[in-house]
Amino acid sequence: MYDKNNVFAKIIAGEIAAERLYEDDSIIAIKDIKPEAILHILVIPKKNYIDFADFTKKATTEEIAHYFKTIASIAKANGADEYRIVSNKGTSSGQSVFHFHTHILSGSINQELINKNL
Ligand code: 5GP
């Protein structure tokens, strides 16, 4: 069951602050608070989907198409030419926030730069 108290629900509702890199009627994109790459963006549908399986089951074909096309345009708009997209489904796969989202990761993982907040 979807838990309305998750951190992304609160960010979407404006109850927790986050810099919005992109927003439209159905999606927001924010920077990950603990980046694991030089560029680490989270693309989050506003509707209450728990994970990838829930999203693909309940969202319309148009919604799904819009979501993935938007991921590509957000990556491009943020200067990412080469990148990984990841969506963890389930605790054992690394999901820690149970509101569906996709990570865009670009640039090598460089802990030294991350520690310097670059
Ligand atoms: P997951 O582990 O579910 O695949 O991804 C959740 C991501 O959300 C993690 O990478 C984590 O760093 C990020 N995150 C957790 N809380 C916050 C927050 O309050 N603000 C932002 N911007 N990111 C968050």
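Here, the structure is the one placed above.
**Observations concerning the site of the ligand**
Thinking step 1. As a matter of local geometry, the ligand sits amid 16 residues, with K31, D32, N88, S96 and H103 nearest to it.
Thinking step 2. G94 places a main-chain nitrogen or oxygen 2.9 Å from an oxygen atom of the ligand.
Thinking step 3. Its free accessible area being 520 Å², the ligand has 84% of it covered by the protein chains.
Thinking step 4. Only α1 (7-12) and β2 (27-31) provide two or more residues apiece to the shell around the ligand.
Thinking step 5. Of all the elements, α1 adds the most residues to the shell around the ligand, at 3 residues.
Thinking step 6. Looking at the shell around the ligand, its residues break down into 7 nonpolar, 6 polar and 3 charged.

**Overview of the sheet that holds strand β4 (residues 84-86)**
Two modes of strand pairing occur in sheets, parallel and antiparallel, and in both the strands are linked by backbone hydrogen bonds.
Thinking step 1. With antiparallel pairing, the 5 strands of this open sheet are ordered in space as β1-β2-β3-β5-β4. In this open sheet, the two strands that pair with only one neighbour each are β1 (20-23) and β4. Direction aside, the axes of adjacent strands within the sheet are offset by 20° on average.
Thinking step 2. Pairing analysis gives 3 bridges linking β1 to β2, with the strands arranged antiparallel. Directly across from R20, in β2, lies its bridge partner I30.
Thinking step 3. Across the sheet, helix α3 (residues 61-77) lies against β1, β2, β3 (39-45), β4 and β5 (102-106), angled at about 155° from β3, the strand it touches most.

**Examining the pattern of salt bridges**
Thinking step 1. Under the defined criterion, the tally for this structure stands at 5 salt bridges.
Thinking step 2. Its salt-bridge partner being K46, residue E23 comes within 2.9 Å of it at the nearest N-O pair. A residue pair is termed long-range when its members are at least 10 positions apart, and E23 in strand β1 and K46 in the loop between β3 and α2 (52-58) qualify at 23 residues.
Thinking step 3. E23 gets classed as partly exposed once you look at its relative accessible area, which sits at 43%.
Thinking step 4. Accessibility expressed as a relative area gives 24% for K46, which makes it partly exposed.
Thinking step 5. Here D54 makes a salt bridge to K58, at a shortest N to O gap of 2.7 Å. Here D54 and its partner K58 are both found in helix α2, 4 residues apart, which amounts to about one turn of the helix.
Thinking step 6. By relative accessible area, D54 is classed as buried at 10%.
Thinking step 7. Since its relative accessible area comes to 53%, K58 is described here as exposed.

**Notes on the packing of aromatic side chains**
Thinking step 1. Throughout the structure, instances matching the rule amount to 6 aromatic pairs.
Thinking step 2. Ring plane angle 55° and centroid distance 6.2 Å describe the contact between F52 and F100, whose orientation is recorded as tilted. Here the residue F52 occupies a position in helix α2, and F100 occupies one in the loop between β4 and β5, the gap between them amounting to 48 residues.
Thinking step 3. Note on F52: relative accessible area 38%, which makes it partly exposed.
Thinking step 4. Taking 5.2 Å as the distance between ring centres and 80° as the angle between the ring planes, the aromatic pair formed by Y67 and F68 counts as edge-to-face.
Thinking step 5. Its relative accessible area of 1% is what places Y67 among the buried residues.
Thinking step 6. Classification of F68 by relative accessible area gives partly exposed; the value is 33%.

Calculation rules
Just so you know, the residues in each chain are numbered from 1, in the order the chain's sequence is written. Per-residue local features are limited, in this predicted model, to residues with pLDDT of at least 70; the limit for side-chain atom pairs, both in listing and counting, is 80 or more; totals at the level of whole chains, interfaces and linings are taken over all residues. Side-chain figures throughout are based on the complete set of non-hydrogen atoms in the structure, without hydrogens or water. Nearness is judged by heavy atoms alone; a residue qualifies as near a molecule or strand once a single heavy atom is within 4 Å of it. Counting of polar contacts relies on pairs of N or O atoms within 3.5 Å, with two restrictions inside protein: one atom must be capable of donating a hydrogen and the other of accepting it, and residues adjacent in sequence are counted only when both atoms are side-chain atoms. Note that accessible areas follow from Shrake-Rupley with a 1.4 Å probe, and for residues the cover is restricted to the protein chains shown. Going along the chain from the N terminus, every DSSP run of H or I of four or more residues is numbered as a helix, and every run of E of two or more is numbered as a strand. Residues are grouped as follows: nonpolar covers Ala, Val, Leu, Ile, Met, Phe, Trp, Tyr, Cys and Pro; charged covers Asp, Glu, Lys and Arg; every other residue, Gly included, is treated as polar. Note on pairing: DSSP must find at least two bridges between two strands before they are called paired. Note on definitions: angles span 0 to 180 degrees between N-to-C directions of axes, and those axes are lines fitted to C-alpha atoms, for helices only across the stretch in contact. In what follows, residue pairs with any heavy atoms lying within 4.5 Å of each other are defined as contacts. In what follows, salt bridge is the name for a side-chain nitrogen of Lys or Arg lying within 4 Å of a carboxyl oxygen of Asp or Glu. Type-normalised accessible area, obtained with a 1.4 Å probe on protein chains alone, sets the label of each residue: buried when under 20%, exposed when over 50%, and partly exposed for intermediate values. Between the rings of Phe, Tyr and Trp (Trp by its six-membered ring), a pair exists once the centres lie within 6.5 Å; its type follows the angle of the planes, with under 30 degrees stacked, over 60 edge-to-face, and the other angles tilted.

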